[in-house]
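Chain by chain, the residues:
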Amino acid sequence: MITLTDETLRASFTNATRREVADLTLPAGFDDLDWASLDLLGWRDPKYARRAYVVVPVGDEVVGVVLQQGTAAPRSRAQCTWCQDVTLPNDVAFFSARRSGAAGRAGDTVGTLVCSDFQCSANVRVAPPVAYLGFDVEAAKASRVEALRERAAGFVGAVQNGV
């Protein structure tokens, strides 16, 4: 992922008001993040119980999205839409995001099920079980990393373009 500063991170938000951007709390340890191991940066705001943020690389830029966690919890173990982790016991939560522009001002939102603490980058790097003799574990991990990037960027695209 592209290395971000406080200013570039705040400037990346596409669906946030000026006040939301000014009020956001940076993730703990922001200055010490290992950007090379991140496919996206997601965190919860400690000041607002149900607010979270995600910053996703899209092409040569990064796009930030303000998320709101749903109040209801899934009745059974849900699968994260982005990392599609089925083996780790991560909690998954429903998050919605206002769309950008006029659609968002009119109340239009888009939602997704995501790991509640945004562990997706770590999850896709866990070695999958060997499926058959000659199974290429490293190629499978690389495929999972690329799929995570595409799904997260697709969500951001839906927020930006209303698609």
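Conventions used here
- Numbers given to residues run from 1 along each chain, matching the order in which its sequence is written.
- Side-chain atom pairs in this predicted model are given and counted only at pLDDT of 80 or more, local residue features only at pLDDT of at least 70, and totals for whole chains, interfaces and linings cover all residues.
- The basis for every side-chain value is the complete set of non-hydrogen atoms in the structure, without hydrogens or water.
- The helix count covers DSSP runs of H or I at least four residues long, the strand count covers runs of E at least two residues long, and both are numbered beginning at the N terminus.
- The buried label applies to any residue whose accessible area, calculated with a 1.4 Å probe on protein chains only, is under 20% of its type's maximum; exposed applies above 50%, and partly exposed to all values in between.
- We define a nonpolar core as any set of buried Ala, Val, Leu, Ile, Met, Phe, Trp, Tyr and Cys residues linked to one another through side-chain atoms lying within 4.5 Å.
- Note on contacts: a residue pair qualifies if any of its non-hydrogen atoms lie within 4.5 Å across the two residues.
- Each pair of aromatic rings taken from Phe, Tyr and Trp, with Trp reduced to its six-membered ring, is defined by centres within 6.5 Å and is described as stacked if the planes are under 30 degrees apart, edge-to-face if over 60, and tilted in the remaining cases.
- Note on scores: pLDDT gives the predictor's confidence for each residue, bounded by 0 and 100.

Peer 1: Could you clarify how one ought to interpret the environment of Thr17 in this entry?
Peer 2: Within the secondary structure layout, Thr17 lies in the loop between α1 (6-11) and α2 (18-23). On the basis of relative accessible area, Thr17 is assigned to the partly exposed category, the value being 39%. A C-alpha to C-alpha distance of 22 Å links Thr17 and Gly154, two positions 137 residues apart in sequence.

Peer 1: I'm lost on the nonpolar core in this one. Help?
Peer 2: Generally speaking, nonpolar side chains in soluble globular proteins are found buried as a group. Within the largest apolar cluster, 28 residues are counted, with the highest numbers of intra-cluster contacts made by Val65, Leu67, Cys80, Trp82, Cys120 and Phe155. At the level of elements, β2 (51-58), β3 (61-69), β4 (92-98), β5 (109-115) and α5 (137-161) are the ones that each hand at least two residues to this core. Top element by residues in this core is α5. It accounts for seven residues. Aside from chain neighbours lying at most four places away, what touches Val65 is Phe13, Thr14, Asn15, Ala52, Tyr53, Val54, Ala97, Phe155, Val156 and Val159.

Peer 1: So what exactly am I meant to see when it comes to the packing of aromatic side chains here?
Peer 2: The geometry of an aromatic ring pair is captured by two quantities: the separation of the ring centres and the angle between the planes. Taken as a whole, this structure holds six aromatic pairs when the rule is applied. Here the aromatic rings of Phe13 and Tyr53 are separated by 5.8 Å at their centres, their planes lie at 80°, and the arrangement is edge-to-face. Taken together, the residues span a long stretch of sequence, with Phe13 in the loop between α1 and α2 and Tyr53 in strand β2 at a distance of 40 residues. Look at Trp43 and Tyr53: their rings are 5.1 Å apart centre to centre, the planes differ by 35°, and that puts the pair in the tilted class. Here Tyr53 lies in strand β2 and Trp43 lies in strand β1 (residues 41-44), a separation of ten residues in the sequence.

Peer 1: So what exactly am I meant to see when it comes to unusual backbone geometry here?
Peer 2: Glycine aside, negative phi is the norm for most residues, and most peptide bonds take the trans geometry. The backbone of Phe118 shows a phi angle near 55°, a positive value even though the residue is not glycine. Phe118 gets classed as buried once you look at its relative accessible area, which sits at 8%.

Peer 1: Looking at this structure, how should I read the confidence of the model for the protein chain?
Peer 2: In low-pLDDT segments, the atomic positions of the prediction should not be examined closely. Here the protein chain averages 88 in pLDDT, while 96% of its residues score no lower than 70. Between the elements of the protein chain, mean pLDDT differs from a low of 82, seen in helix α3 (residues 101-105), to a high of 93, seen in β3.

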